[in-house]
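An overview of the molecular structure
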Amino acid sequence: MKRKSMLWLFAMILVLSAFLAACGGGGSDDASDSDSGDSKDGEKATEEQSGEPQQGGTLTYGLDATPEGLYNWAFYGIATDAEIIEFFDEGLIEYDENLQPIPNLAEWETEDNQHFTFKFKEGVKWHNGEELTVNDWVFALETIAHPDYDGPRYANVETIEGAPAFRAGEADSISGLKVVDDYTIEVTFDEPRLNNLTNIWSYPMSQKEFEGIEVADMSGSEQVRTKPVGLGPFKVENVVPGESLELVKNEDYWNGEVNLDKIIIRVIDNTATVGALQNGDIDMISLQPVSAPDVEKLDNVEVVTAPGLSYYYVGFKLGKFDNDKKEIVEELPKYQDLNLRKAMAHAINREEWIDAFFFGYGKPVNKPVPTAHWIAADDSEVNVYEYDPEKAKQLLDEAGFVDTNDDGFREDPNGDEFVVKFSHYATGNPTFESRSQAIAQYWEEVGLKSEVEMVEVNLYYDMVEKDDPSIETFFGGWGTGTDPDPSALWKADQLWNYPRYNNPDADALLEQALSVEEVGDDQEKRAQVYAEWQKTVTEDVPMIFIAELDEIMGVGENVGGFSMDVSGYNNPAEWYLEK
Amino acid sequence: MTTNAATGAVKRTEKSASPWAIARRKFLRNKLAMASTVFLILVIILTLMAPFLAPHLSPIPDITKVNISKMSIPPNGDHLLGTDKSGRDVMTRLLYGGRISLLVGASATAIVVVLGTIVGSVAGFFGGAVDSLLMRFTDFVLNFPFLVFVIVLNTILFGIVDGLWVLILVIGLLSWGGVARIVRSKVLAEKENEYVLAAISIGTPPAKVIIKHLLPNVLSTIIVQSTLLFASLIVAETGLSYLGFGVPQETPSWGNMLAFANEPDVLQGKPWIWMPPALIITATILSINFIGEGLKDALNPKSQR
Amino acid sequence: MLKYTLRRVLGMIPMLFLVSVVVFFLAKAMPGDSLSGEIDPTNTNPEYQEEMREKLGYNDPVYMQYYRWVTDFMSGDFGKSTRYKMPVADLIGEKLPNTIFLALTSLLITYVLAFAMGMYSGRKPYTLGDNLIAGFNYAGIAIPSFVAGVFAVYFFAFKLNWFPFAGSVDIEIDKGTIDYWISRIHHVMLPAFVLGMFSTASYTQFLRNDLIENSRKDFVRTALAKGTPMGKIYNVHILRNSIIPLVTFLGFDIAALVGGAIITEKIFTYPGIGLLFLDSVNNRDYPTVMAITMMLSAMVLIGNLIADILYGIVDPRIRLG
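Residues numbered from 1 in each chain as written. Chains lettered and ligands numbered in written order. Predicted model: local features only at pLDDT ≥ 70, side-chain atom pairs only at ≥ 80, totals over all residues. Heavy atoms only, no water.

1. Concerning the overall build of chain B
When its secondary structure is counted, chain B shows 14 helices and 0 strands. Each helix and strand of chain B, ordered N terminal to C terminal, gives the series α-α-α-α-α-α-α-α-α-α-α-α-α-α. Of all 305 residues assigned to chain B, the portion counted as buried reaches 55%. If you sum the accessible surface of chain B, you get close to 13100 Å²; carbon and sulfur atoms cover 68% of it. (Helix = DSSP H or I, 4+ residues; strand = E, 2+ residues; numbered from the N terminus. Buried < 20%, exposed > 50% of the residue type's maximum accessible area, 1.4 Å probe, protein only. Areas by Shrake-Rupley, 256 points an atom, 1.4 Å probe, with all protein chains shown as cover.)

Set out below in structure tokens:
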């Protein structure tokens, strides 16, 4: 999604050179490909330098999930759609590989983190030939704040002064937006916040294009679904709903020359991924860990990875939440013993588990923030629970969990039968069952009797959210965006704080990290506060942090100019095909 | 086998052979059908003996335990059919899975045959309002979106009833429509025969007419239908499990084993994981169909072979 | 006949109504709704979910939701897909042609193959050709369509490269040209064959057995005795009798194709109604699930009706009360 940095590109050279140097020929001729593939290892540097971007060609980009077809930033719902939009539209702000905002279509200034002035680049054109102005942005913000708007983005507009009034129909416009001229706009937020900039909606919508369409009808309109226009390096030429898209080069792209003539995006079933890459039917695709080892074996395809922004965990239900009162109203006793939770964390061999179920495309995570994020604390600053069954047993002994009836499993301190119930969501994927079974077995090995329960995925999240009594320990995953603030997933008054973690000290730290008075613009200070919060959480073990996964791309050897980091891949305008 | 003795026995009674005896003789002479019967019986015995056989066939006879160190091992001396992605022995799971798949198929077939026969014969015999009411209801059942119902019931009854029985009930309750129609049309045709009309005219109670006079005449159809049903309901189980809407994932069944073929790396790269269930399903269905064919031939008085 | 047809058509209405009631309440009894499931916290928040639930009327009593849905449905408004955010009618309209094309191709393949093979086998039973055809039939009936489909993708699409592995058409070809239709046929062949395999096998089998059985009937002997050539007897007398039951299958075929399309479309990633249905069920997109369910039920009813009418036409002796 975001621009790459030259430094990062340099770091990627080792990986990239293999396909930068490719002598083309696609995937049809395996023998010659494998020859060139083997001989390339030693000559990376020279090949890299001579790898001049070439013009023209059609690149086929695969998707292993079906898009919903909402090709507009304001309306899309799933990641697959976003993956497509990135080819033909972009926003005012980009993020660098440290996830810090950098100017793209606009620059900004602020004194107090409440009043911002945005200056747009001049002469940037929409695909329909209209010039981009600040009015297109105002249009986007007012669309999202409109009462008929049916997408999920209002939270990104809400903080602008006057947005709630506009939404309630009390005002004709959002009072916090002041258009100075076509390229300058002043934005006022309702209060100063450190994350106002990263939170605000930064994607304009072409006002001209949506002329005469009611907000309620927009998500179903052809402007969103089949004939979207954007500002990006490629234009949408043709859409076959649910199966493919044809994108062509945008001759008027504002940010440099576009190398490729055409990109075909097509949906393929994930069982067909490896075969399609091998045959050259697709040049690039985002891979699931399970396919990656097979793709590694292909001579005509390279596997490129970058750290991801999501993590998996095993949560403990520690309380019950009242969604009306927005507070945790009851404490659940079963897993309150801190030593029990620590022992269960020590019992799990995360390395082995990740290697077995994610084929090594991931690593253990020790805190509630993915390591690649700039607020992530160093592992030395948090409590790390390494695989240590002896320590686990010792902790359980200390906590009074001992086998009193010689059935091979420990009883709770009162001498009653103790069974850990572990829930995991079920889809059609058969490996979910075995990976959850594996976790239960780790607990059984330290003497805790464990049961796995697979629950249909919709029902599962419903039960987790409503604190259903049958959910005791549960598997889950969270993704973090570019905005580092984890409040929505962790504070005691939040519905999505699934473990019902309730520690006022931790909540106070989260508030402090966002406070303009205490932290201000000092990023280092902010990171420090977040690190302290992470330490607090890891001491309390409301969840066992399991793994963070890599983003993996399979890239054909004949594709050049591609790179990827934690913020996504580089601008597709720079991609090219070797002839 | 006992073919000789059996034919011998048949020979003795040849002069006054009942239709059933003729059918039995014909069936025993049908090599394909007999081979299939032997195969099917063998499969059933092997799966039933799974708990006794497993410890001898595999070093890890436990079908639920995940063995991370033994994942995806190709077939070898220890694991005759290799291990799957959970490190479970494929052979062992095949045996245990067969129990489930055959159980689902057989139980659902029983439900279907009983329901279908009752509804079909009652509708065909009484005709008129009873017939149209029952047939409308049959239409309704035939119309029912099977998949929605299975998913919904599976989720609603989750945790209350064992998932396996939910599946059996749902498949059974939604599949009897076809049998009902066939039985009805046979009964419709049969009941015009003089002997049935005579039985009715002398005041024989309907239940007795149906059971004594009509059902024996449609029995051959029912038998053939139920063998074919048995096959198609095994397919129903495996298909639903393959899609992820069938037997709970924790329970090994042939369908659940085949679902691993959905995994991108398995289909092409690890054929030993999905081939055994695919082949055993195919072989089982094939043999049941051969048996059905043989029965059909044997029960058809006009066929010569 | 007309009166009968009319009565049957009218009889469908209460049936559809009943289906709609049961399906709606069952669908609503499914856990979760269109907003539940895996959450991407960077993309939504609890307030939005609550607001949308209120907006979509999920918080109203179920009977009220049903009443609202059924009245809208009667007036031709199938609702708006909660997932795709577009009118369900448009959504179905987008995918339906693909499924119809798949189904028709499959029917065509089925009947052409079944007639050819069935006639051959029936006239020359117990020959080598018959045995080969029987072998195909047994395989066709026994191999579950999902196994066959997965095999087909790998063998014909990947190993031999004869057919595309996914999709319904090559996007780079302009609509309306001959190439466009060739591309579509190229895409549909494999799934259509797999979809029709079971029916092809069973019809071939059926036709064969029926032909053999009928050829032993008295009227055939009479005709033979009168000196009618065997070929003519087959084409005129026997075939007519054997077609009767086969034709009535056509109605059931429609229902079977609809069900089979769900699995076939999934394996071949062929964007039709079946794929849409699976997707909608998994995402609890009620308006779409309901509309498709109603459509499928109506199609099954119409299929049965066609079967009965055809039955009446082909064999006037049988007129169902």
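Having seen the structure, we can now continue with the description.
2. Describing the overall build of chain A
When helices and strands are tallied, chain A shows 19 helices and 23 strands. The C-alpha atoms of chain A give 26 Å as radius of gyration, which agrees with the globular expectation for 579 residues (25 Å, within 12%). With the principal axes as the frame, chain A shows a C-alpha extent of 80 × 70 × 40 Å. Out of the 579 residues belonging to chain A, those deemed buried represent 61%. Summarising the internal contacts of chain A: among those between residues at least 6 apart in sequence, 68% fall at separations of at least 24. Separation between the mean location of the 43 positive side-chain charges and that of the 115 negative ones in chain A comes to 2 Å. (Rg over C-alpha atoms; globule rule 2.2 N^0.38 Å. Contact = heavy atoms within 4.5 Å. Lys, Arg positive; Asp, Glu negative; His and termini not counted. Charge placed at Lys NZ, Arg CZ, Asp CG, Glu CD.)

3. Let's talk about the pairing of strand β17 (residues 449-456) of chain A
Residue and element names in this part refer to chain A. Counted residue by residue, β17 has 6 buried out of 8 residues, so it is predominantly covered. One ladder, built from 8 bridges, connects strand β16 (residues 419-426) with β17; its direction is parallel. Its bridge partner lying in β17, Tyr425 is registered against Val455. Regarding the hand of the β-α-β motif, the stretch spanning β16, helix α15 (residues 431-445) and β17 is right-handed. (Pairing = 2+ DSSP bridges. Right-handed = clockwise from strand over helix to strand, strands pointing away.)

4. Section: the UniProt feature "transmembrane region" (unreviewed entry) in chain B
The sites that UniProt annotates as "transmembrane region" (unreviewed entry) are residues 32-54, 100-128, 140-158, 164-183, 214-236 and 272-292 of chain B. Annotated as 100% helix and 0% strand, the span residues 214-236 of chain B places its first and last C-alpha atoms 30 Å apart. (UniProt positions renumbered as here; feature names shortened; annotations may be inferred.)

5. Let's talk about the sheet that holds strand β5 (residues 115-120) of chain A
Residues and elements named next belong to chain A. An order of β4-β5-β7-β6 is seen for the 4 strands of this open sheet, with the pairing classed as antiparallel. At either margin of the open sheet sits one strand with a lone partner, and together these are β4 (106-110) and β6 (177-181). In this sheet, adjacent strand axes meet at a mean angle of 20° when their direction is disregarded. Looking at chain direction, β4 and β5 are connected through 5 bridges and run antiparallel. Bridged to Ala106 within β5 is Phe120. Running at roughly 165° to β6, helix α5 (residues 134-145) makes contact with β5, β6 and β7 (184-188) of the sheet. (Axes fitted to C-alpha atoms, helices over the stretch in contact; angles between N-to-C directions.)

6. Looking at the packing of aromatic side chains
Centre-to-centre distance and the angle between the planes together describe a pair of aromatic rings. If you walk through the whole model with that rule in mind, you get 52 aromatic pairs over all chains. Centroid distance Tyr66 of chain C to Trp69 of chain C: 6.1 Å. Interplanar angle 40°. Geometry classified as tilted. On the criterion of helical spacing, the pair formed by Tyr66 of chain C and Trp69 of chain C is a turn pair, its members being 3 residues apart in helix α3 (residues 62-74). Across this residue pair, the class does not change: Tyr66 of chain C and Trp69 of chain C are buried. One aromatic cluster is present, built from ring pairs that chain together Tyr312, Trp353, Phe357, Phe358, Tyr425, Phe432, Tyr460, Tyr461 and Phe475 of chain A. One cation-aromatic arrangement involves Arg435 of chain A over Tyr312 of chain A; the distance from NZ or CZ to the ring centre is 5.5 Å. Seen from the ring of Tyr126 of chain C, Arg208 of chain C lies directly overhead, with NZ or CZ sitting 5.3 Å from the centre. (Phe/Tyr/Trp six-rings, centres within 6.5 Å; stacked < 30°, edge-to-face > 60°. Lys NZ or Arg CZ within 6 Å of the ring centre and 35° of its normal.)

7. Looking at the interface of chain B and chain A
In this complex, chain B contributes 22 residues to the contact, which on the side of chain A involves 31 residues. A buried area of about 2200 Å², summed over both sides, lies between chain B and chain A, and 61% of it is on carbon and sulfur atoms. Joining chain B to chain A, the criterion identifies 1 salt bridge. Note that Arg88 of chain B and Glu433 of chain A form a salt bridge whose closest N and O atoms lie 2.9 Å from each other. (Buried area = accessible area lost by both parts, 1.4 Å probe. Salt bridge = Lys/Arg side-chain N within 4 Å of Asp/Glu carboxyl O.)

8. Re the domain arrangement of chain A
Residues and elements named next belong to chain A. By domain assignment, chain A separates into domain 1 (58-267) and domain 2 (308-550). Here domain 1 and domain 2 have C-alpha centroids that lie 36 Å from each other. Facing the 10 residues of domain 1 at the interface are 15 residues of domain 2. Ranking the residues of domain 1 by area buried against domain 2 places Leu99, Leu194 and Asn195 at the top, with a combined share of 55%. Inspection of the domain 1/domain 2 interface yields 0 salt bridges. Viewed at the interface, domain 2 and domain 1 are joined by 1 residue pair in polar contact (both at pLDDT 80 or more). In terms of residue class, the side of domain 1 that touches domain 2 is built from 4 nonpolar, 5 polar and 1 charged. (Domains from an automatic or database assignment. Polar contact = N/O pair within 3.5 Å; in protein donor to acceptor, adjacent residues only side chain to side chain. Nonpolar A, V, L, I, M, F, W, Y, C, P; charged D, E, K, R; others polar.)

9. Observations concerning the nonpolar core
Counting 146 residues, the largest nonpolar core has Ile171, Trp254 and Leu258 of chain B together with Ile92, Ile267 and Phe268 of chain C as the members making the most contacts within it. Beyond its immediate stretch of four places on either side in the chain, Leu258 of chain B contacts Tyr242, Trp274, Pro277, Ala278 and Ile281 of chain B together with Phe146 and Val147 of chain C. Counting residues in hydrophobic clusters, the runner-up holds 89 residues, among them Ile348, Val369, Met454 and Trp490 of chain A. (Core = buried A, V, L, I, M, F, W, Y, C linked by side-chain atoms within 4.5 Å.)

10. Thoughts on the side chain of Thr221 of chain B
When you line up the elements, Thr221 of chain B lands in helix α11 (residues 206-243). Setting aside chain neighbours within four positions, we find Thr221 of chain B in contact with Ile182 and Lys186 of chain B.

11. A word on α15 of chain A
Residue and element names in this part refer to chain A. Look at α15: 21 Å from first C-alpha to last across 15 residues, which is about the 21 Å you get at 1.5 Å a residue. Most of α15 sits inside the fold, with 13 of its 15 residues counted as buried. Trailing α15 by a residue or two, Gly447 shows a phi angle of about 95°, which is positive. (Expected span 1.5 Å × (residues − 1).)

12. What to know about the confidence of the model for chain A
Looking at chain A as a whole, its pLDDT mean stands at 86, while 91% of the residues score no less than 70. This model gives residues 1-50 of chain A a pLDDT under 50, and the stretch forms 87 contacts once residues within four places in sequence are excluded. (pLDDT = per-residue confidence, 0-100.)

13. Here's the deal with helix α4 (residues 50-57) of chain B
Residue and element names in this part refer to chain B. Of all the positions in α4, only Ala50, Leu53 and Ala54 are classed as buried. Considered in projection along α4, the buried side chains sweep an arc of 110° and stay on one side of the axis. Away from its buried face, by an angle of more than 90 degrees, α4 presents the exposed residues Phe52 and His56. Its buried side turned inward, α4 meets α3 (31-48) and α5 (90-126). (Arc of directions from axis to C-beta.)

14. Focus: unusual backbone geometry
The bulk of non-glycine residues show a negative phi, and the bulk of peptide bonds are trans. Residue and element names in this part refer to chain A. The phi dihedral of Phe359 falls on the positive side, at around 55°, and the residue is not glycine. You can see Phe359 is positioned in the loop between α13 (350-358) and β15 (362-364). On the basis of relative accessibility, which here comes to 25%, the residue Phe359 falls in the partly exposed class. With phi around 45°, Val541 is a residue other than glycine that occupies positive phi space. Turning to its location among the elements, Val541 is positioned in the loop between α19 (523-540) and β19 (543-556).

15. Focus: the environment of Leu219 of chain B
Examined against the element boundaries, Leu219 of chain B turns out to sit in helix α11. Expressed as a C-alpha distance, the spacing of Leu219 of chain B and Leu299 of chain B, which sit 80 residues apart in the sequence, is 9.6 Å.

16. Structural notes on a negative patch on the surface
Residues and elements named next belong to chain A. Residues Glu351, Glu352, Asp355, Glu386 and Glu445 make up a contiguous surface patch of negative charge. Among the elements that line the negative patch, the one with the most residues is α13, at 3 residues. Its location among the elements puts Glu352 in helix α13. (Patch = residues over 30% accessible without salt bridge, like charges linked within 9 Å, V, L, I, M, F, W, Y side chains within 5 Å.)

17. With respect to the UniProt feature "domain: Solute-binding protein family" (unreviewed entry) in chain A
Here, the residues flagged by UniProt with the feature "domain: Solute-binding protein family" (unreviewed entry) are residues 101-491 of chain A. Along residues 101-491 of chain A the backbone is 25% helical and 25% strand, and the end-to-end C-alpha distance reaches 25 Å.

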